[in-house]
Amino acid sequence: MDSARKALVLQGGGALGSYQAGVYEALSRRGHHPDWVAGVSIGAINAALIAGNAPSKRVERLHEFWNLVSSAPPQQLPSWFGDRAMQNQWSANAATMFGIPGFFRPRASPLLLMGNAAPELSYYDTSPLRETLERLVDFDRINAPGGMRLSVGAVDIVSGDSRYFDSGETKIGPEHIMASGALPPGFPPVQVGTHYFWDGGLVSNTPLQYVLDAQPHTEPLMVWQVDLFNARGAMPTTLSEVMERQKDITYSSRTRRNTDALAANLNLQQAIADLIDRLPPALREDPSVAAVQAQLTHQPIDVFHLIYRDKPYETESKDYEFSRATVEEHWAAGLRDMNQTLAHPEALRSEVQTNGVTTFDLADPSNERVERPI
């Protein structure tokens, strides 16, 4: 689908987000530049770094951000300090105690000693993230006419409703990106206008539904969906593994279910439109029937679904473990997975013009693609 709009859809997942940066680098190297990037939480930050910079600067800015947030000691503990799982846990513990450079820092508030009764709304201060975004993201570029479309998801704290801030409708600033990643109780609510917002992952950790809803059904669409939590995993044997599986299932199962449900709904609409084509001309050409058919007809939508697959030594702290070694591993994995996908041009189905939705999974560590027509 060479003429299709190309959307990059980025899930939330904290420190795992450097995998998405590697995916984008692979796309960029091959000349695949999205027209639209949508994200939630860390996906929103990566999306802003992409949309808010010239194509020649995007990978560089992503590197600046991920080098900054992985710069706190200990970047790499000595080999004698336990196995890799223990080193990663130590790094994660350091992040909770001391914060992450350019991202968040602990609140120096004695009120937090009151525990759950403390009149504070978060454990950390995210003002360093605002400074980082203002330095690395050109918001004038995001808001300029004709630029790459940017959509980021958040949750209205009072109504509980999901809300997307879209550069096609809203002037985007640092506060919109921060709202998308304001995961409680670690991070504070972010005010946008007269409303306060938390992390969009509380309602839906992937913006795929928003992209499909907002995409005109008269135009073809190709989606690269990059998820950071894998629904499949082994039976836990420790409490740490229990917590990890709980997190994986919470943030991934809804993604798969939502993807399948959305695809099934759109394909049902397309099937009805195809049936209308088989009606007698007198019925088919009736204005009301023609209007319904036009509304139900969807141009081809291909969703290429990549999922980060964690290493055996990664534990439940993997989304807040920001050591340099781990960040670089995640980036390299994203670069490898996307390169191996793009090495098979037939996977992009540019010659296929089937209306409705077809999803493709990067199915397993061997990177074989599985077509999942819904």
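As the structure is a computational prediction, the values presented were derived from the model and not from experiment.

**What about the side chain of Asn46?**
In this structure, Asn46 sits in helix H2 (residues 42-51). Side-chain polar atoms of Asn46 contact the backbone oxygen of Gly17, separated by 3.0 Å.

**Comments concerning the environment of Ala179**
Looking at the secondary structure, you find Ala179 in helix H7 (residues 174-180). Accessibility expressed as a relative area gives 0% for Ala179, which makes it buried. When the C-alpha atoms of Ala179 and Gly200 are compared, they prove to be 8.0 Å apart, with 21 residues separating the residues in sequence. When near neighbours in sequence (up to four residues on either side) are disregarded, Ala179 contacts Ala154, Phe165, Val190, Val192, Phe197, Trp198 and Asp199.

**What about the packing of aromatic side chains?**
As enumerated under the stated definition, the model contains 13 aromatic pairs in all. Ring centres 6.4 Å apart and planes at 80 degrees place the aromatic pair Tyr124 and Phe187 in the edge-to-face group. Placement of Tyr124 in strand S4 (residues 124-125) and of Phe187 in the loop between H7 and strand S7 (190-192) is noted, with a sequence separation of 63 residues between them. Geometrically, the ring pair formed by Phe165 and Phe197 is edge-to-face, given 5.2 Å between the ring centres and 80 degrees between the ring planes. A residue pair is termed long-range when its members are at least 10 positions apart, and Phe165 in strand S6 (residues 162-166) and Phe197 in strand S8 (residues 195-199) qualify at 32 residues. A relative accessible area of 1% places Phe165 in the buried class. The exposure class assigned to Phe197 is buried, which follows from its relative accessible area of 1%. Over the ring of Trp36 we find Arg149, and its NZ or CZ is 4.0 Å from the ring centre.

**Digging into the pairing of strand S2 (residues 36-40)**
Of all five residues in S2, five are buried, a share of seventy percent or more. What you see with S2 is no split at all: Trp36, Ala38 and Val40 on one side and Val37 and Gly39 on the other are buried throughout. Pairing of strand S1 (residues 5-10) with S2, which is carried by four bridges, proceeds in the parallel orientation. From the neighbouring strand, Leu8 faces S2, where its bridge partner is Val37. A crossover connection joins S1 to the parallel S2 through helix H1 (residues 18-29); in handedness this β-α-β unit is right-handed. Of the pairings in the sheet, the one linking S2 to strand S5 (residues 149-156) comprises five bridges and is parallel in character. Looking at the pairing, Val37 lines up with Leu150 of S5.

**Some points on the packing of H1 against helix H12 (residues 324-342)**
Relative orientation of the contacting elements H1 and H12 amounts to 40 degrees, with a least axis distance of 6 Å. In terms of orientation, H1 lies oblique with respect to H12. Between H1 and H12 the crossing geometry is right-handed. Within the contact between the two elements, H1 uses Ser18, Tyr19, Ala21, Gly22, Val23, Glu25, Ala26, Leu27 and Arg29 and H12 uses Val327, His330, Trp331, Ala333, Gly334, Leu335, Asp337, Met338, Asn339 and Leu342. Residues that form the contact of H1 with H12 fall into these classes: 11 nonpolar, five polar and three charged.

**Observations regarding the pattern of salt bridges**
The tally for this structure, following the rule as stated, stands at 15 salt bridges. A salt bridge links Lys318 to Glu244; its shortest N-O distance comes to 3.2 Å. Pair noted here: Lys318 is in the loop between strand S10 (301-307) and H12 and Glu244 is in helix H9 (residues 239-276), with a separation of 74 residues, a long-range link. We note a salt bridge from Asp337 to Arg336, for which the minimum N-O separation is 2.9 Å. According to the relative accessible area criterion, Asp337 is buried, its value standing at 6%. Each of the salt bridges in this network shares a partner with another, and the network as a whole consists of Lys57, Glu60, Arg61, Glu64 and Arg135.

**Brief notes about the pairing of S8**
Alignment of S5 against S8, held across three bridges, turns out to be antiparallel. When the bridges of S8 are listed, Asp156 appears paired with Phe197. Of the strand pairs in this sheet, S7 and S8 are connected by three bridges, and their pairing is antiparallel. Across the sheet, Val192 pairs through a bridge with His195, a residue of S8. Counting the residues between successive antiparallel strands, the hairpin from S7 to S8 contains two residues, one of them, Gly193, with a positive phi of roughly 65 degrees.

**Comments concerning the packing of H1 against helix H3 (residues 58-69)**
Running from amino to carboxyl end, H1 crosses H3 at an angle of 165 degrees, the nearest separation of the two axes being 10 Å. Judged by the angle between their axes, H1 and H3 are roughly antiparallel. Crossing handedness for the pair H1 and H3: left-handed. Taken together, the residues of H3 that come into contact with H1 (itself represented by Ser18, Ala21, Tyr24, Glu25 and Ser28) are Arg58, Val59, Leu62, His63 and Trp66. The residue inventory of the contact of H1 with H3, partitioned by class, reads five nonpolar, three polar and two charged.

About the cut-offs
Residues numbered from 1 in each chain as written. Predicted model: local features only at pLDDT ≥ 70, side-chain atom pairs only at ≥ 80, totals over all residues. Heavy atoms only, no water. Helix = DSSP H or I, 4+ residues; strand = E, 2+ residues; numbered from the N terminus. Polar contact = N/O pair within 3.5 Å; in protein donor to acceptor, adjacent residues only side chain to side chain. Buried < 20%, exposed > 50% of the residue type's maximum accessible area, 1.4 Å probe, protein only. Contact = heavy atoms within 4.5 Å. Phe/Tyr/Trp six-rings, centres within 6.5 Å; stacked < 30°, edge-to-face > 60°. Lys NZ or Arg CZ within 6 Å of the ring centre and 35° of its normal. Pairing = 2+ DSSP bridges. Right-handed = clockwise from strand over helix to strand, strands pointing away. Axes fitted to C-alpha atoms, helices over the stretch in contact; angles between N-to-C directions. Parallel < 35°, antiparallel > 145°, perpendicular 65-115°, else oblique. Left-handed = near helix turned anticlockwise from the far one by under 90°. Nonpolar A, V, L, I, M, F, W, Y, C, P; charged D, E, K, R; others polar. Salt bridge = Lys/Arg side-chain N within 4 Å of Asp/Glu carboxyl O.

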